[in-house]
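Structural features, examined
Chain by chain, the residues:
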Amino acid sequence: KAQNTFAPQGDPFRDGSEQSGSVGADLKWGIKGDLTLNATVHPDFGQVEVDPAVVNLTATETFFPEKRPFFVERSELFNFGQTQSSNYFSVPTTFHARRIGRVPQRLLSPFDYSFLDMPAQTTIAAAAKLTGKTRDGWSIGALDAVTTEERARFLDTLGTEQRLPVEPLTNYAVARVRRELHGGNTRIGGIVTDVSRDLSEPGLESLLRRHATVGGVDFAHYWAGRRWSVDGYFQASRVAGSADAIAATQRSSAHYFQRPDADHLTYDATRTSLEGISDLISLNKLGGKHWKASF
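Chains are numbered independently. Their residues run from 1 in the order of the written sequence. Given that the model is predicted, a residue must reach a pLDDT of at least 70 before its local features are reported, and side-chain atom pairs must reach 80 or more before they are shown or counted; all residues, however, enter totals for whole chains, interfaces and linings. To obtain the side-chain values, all non-hydrogen atoms of the structure were included, while hydrogens and water were left out.

**Description of the overall build of the chain**
The line we're drawing: Helix and strand assignments come from DSSP, with helices taken as H or I runs of at least 4 residues and strands as E runs of at least 2, each series counted from the N terminus. Relative accessibility under 20% of the residue-type maximum defines a buried residue, over 50% an exposed one, and the middle range a partly exposed one, all with a 1.4 Å probe and only protein chains included. Residue contacts are defined here by distance: any two heavy atoms, one from each residue, within 4.5 Å place the two residues in contact. The accessible surface values rely on the Shrake-Rupley method and a 1.4 Å probe; as for residues, cover is taken only from the protein chains in view.
Helices and strands together make up the secondary structure of the chain, namely 3 helices and 15 strands. Counting all 295 residues of the chain, 31% fall into the buried class. The long-range fraction of contacts in the chain, counting pairs at least 24 apart against all pairs at least 6 apart in sequence, stands at 59%. If you sum the accessible surface of the chain, you get close to 17700 Å²; carbon and sulfur atoms cover 55% of it.

Structure, rendered in structure tokens:
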């Protein structure tokens, strides 16, 4: 790949012309029944539609939809916690594939460098996905992906070239199963996700969580000609890391444990892990006049 770019005067990392190349491979293998194994090494998503430009002035993270073919294909098998109830918090986002190959999370201050060469995204070294349905009626979705360590190059204020890790070696894994019974009137399922990072670099250890794990079950049951249903889910999560990383997690906009009005929360800067649960059960009357109750 070659492209012409603007190169600021004196930039040692750019001369106005950039060339890059990589070698990758893809595999698609049909196994017994409806199961399919997809695998990729150094995937190229260069032709994927670019995300629209967004200026986020809120404390809520922007979630972009998944567009990469490897992750989009049969992605519905990984959906979890979908219910018939109407609520203000929608369904849980237990697995979000856009985390894989994300923009490096460690940012450098403009006061620390004169010129910077920062990776635009994290490289996916390899990924494998097993999806489909077994002869016993179980729908299965399993995915594992490894992203490489990324380093930024920069000239410090003394004019010396430095290299600094900005994203660690990371493994992402998710497994989802679901079974339909009684002619599709009953559905049960489960999901487990895990993220593990190599945080041997001190600067990353204080910034990111070392482990993040979520496990959950969901269900739905219809009766009376599918005019009534009860559905719901339960999931538990745990994140672990250094005291600095967990303290930052507690203070983040997703939690705000330190806010003065949160009498039910306790901010503890010495913690090295956090646990949480989420659950919902809803009773629904479907068809005609809709009547729904959530608990």
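**Comments concerning the pairing of strand 12 (residues 211-223)**
How we decide: Pairing between two strands is assigned when DSSP locates at least 2 bridges connecting them.
Relative to strand 12, strand 11 (residues 186-197) is paired through 11 bridges, and the arrangement is antiparallel. Among the inter-strand pairings, S196 is bridged to a residue of strand 12, identified as H211. In the sheet, strand 12 pairs with strand 13 (residues 228-240) via 13 bridges, with the strands oriented antiparallel. Along strand 13, the bridge assignment pairs F219 with G232.

**A closer look at the nonpolar core**
Threshold: Nonpolar cores are built from buried Ala, Val, Leu, Ile, Met, Phe, Trp, Tyr and Cys residues. Side-chain atoms within 4.5 Å join them into one set.
With 16 residues, the main nonpolar core has F71, I100 and L143 as its most contacted residues. Counting only elements with at least two residues in this core, the list comes to helix 1 (69-72), strand 6 (124-133), strand 7 (138-147), strand 10 (170-181) and strand 11. Each residue touching I100, except ones within four places of it in the same chain, is listed here: R68, F71, F95, I124, L143, A145, T147 and Y172.

**Quick notes on the pattern of salt bridges**
Under the convention used in this document: Put simply, a salt bridge is a Lys or Arg side-chain nitrogen that is within 4 Å of an Asp or Glu carboxyl oxygen.
With the rule as written, the count across this model stands at 15 salt bridges. As a salt-bridge pair, R151 and E149 come within 3.0 Å of each other at their nearest N and O atoms. Residue classification places E149 among the partly exposed residues on the basis of a relative accessible area of 38%. Between D218 and R176 there is a salt bridge, and its shortest N-O distance comes to 2.9 Å. Of this pair, D218 sits in strand 12 while R176 sits in strand 10, and the two are 42 residues apart along the sequence. D218 sits in the buried class, given a relative accessible area of 8%. Salt bridges linked by common partners bring E49, D51, K67 and R98 together as one network.

**Regarding the packing of aromatic side chains**
Applicable threshold: For Phe, Tyr and Trp, rings pair up if their centres lie within 6.5 Å, where Trp contributes its six-membered ring, and each pair is then called stacked (planes under 30 degrees apart), edge-to-face (over 60) or tilted (otherwise). Charge-over-ring placement is defined geometrically: NZ (Lys) or CZ (Arg) within 6 Å of the ring centre, and within 35 degrees of the ring normal.
One pass over the structure, following the stated rule, counts 5 aromatic pairs. Centre to centre, the rings of W223 and W228 are 6.4 Å apart; their planes meet at 15°, and the pair counts as stacked. Here the aromatic residues F45, F70 and F71 are joined through ring pairs into a cluster of three or more. Sitting over the ring of F45, R68 keeps its end group 5.5 Å from the ring centre. A cation sits over an aromatic face here: K129 above F70, 5.1 Å from the ring centre.

**Here we look at the sheet that holds strand 9 (residues 161-167)**
Under the convention used in this document: Fitting a line to C-alpha atoms yields each axis, with helices limited to the stretch in contact; the angle taken between N-to-C directions then spans 0 to 180 degrees.
Across the sheet, 3 strands lie side by side as 5-8-9; this open sheet has antiparallel pairing. Looking along the sheet, the strands with just one partner apiece sit at the ends: strand 5 (115-117) and strand 9. Neighbouring strand axes in the sheet, compared pairwise and without regard to direction, differ in orientation by 25° on average.

**As for the side chain of S229**
With respect to the helices, strands and loops of the structure, S229 is situated in strand 13. Ignoring anything within four residues of it in the chain, the contact list for S229 reads Q84, H221, Y222, W223, S282, L283, N284 and L286.

**Focus on the confidence of the model for the chain**
Stated precisely, the cut-off is as follows: What pLDDT expresses is the predictor's confidence in each residue, scored from 0 to 100.
On average, residues of the chain score 87 in pLDDT, and 90% of them reach the 70 mark or higher. No element of the chain has a lower mean pLDDT than strand 15 (residues 291-294), at 51, and none a higher one than strand 11, at 97.

**Structural notes on the environment of I31**
Positionally, I31 belongs in the loop between strand 3 (25-30) and strand 4 (36-41). For I31, a relative accessible area of 33% translates into the label partly exposed. For the pair formed by I31 and L130, sequence separation is 99 residues and the distance between their alpha carbons is 9.4 Å.

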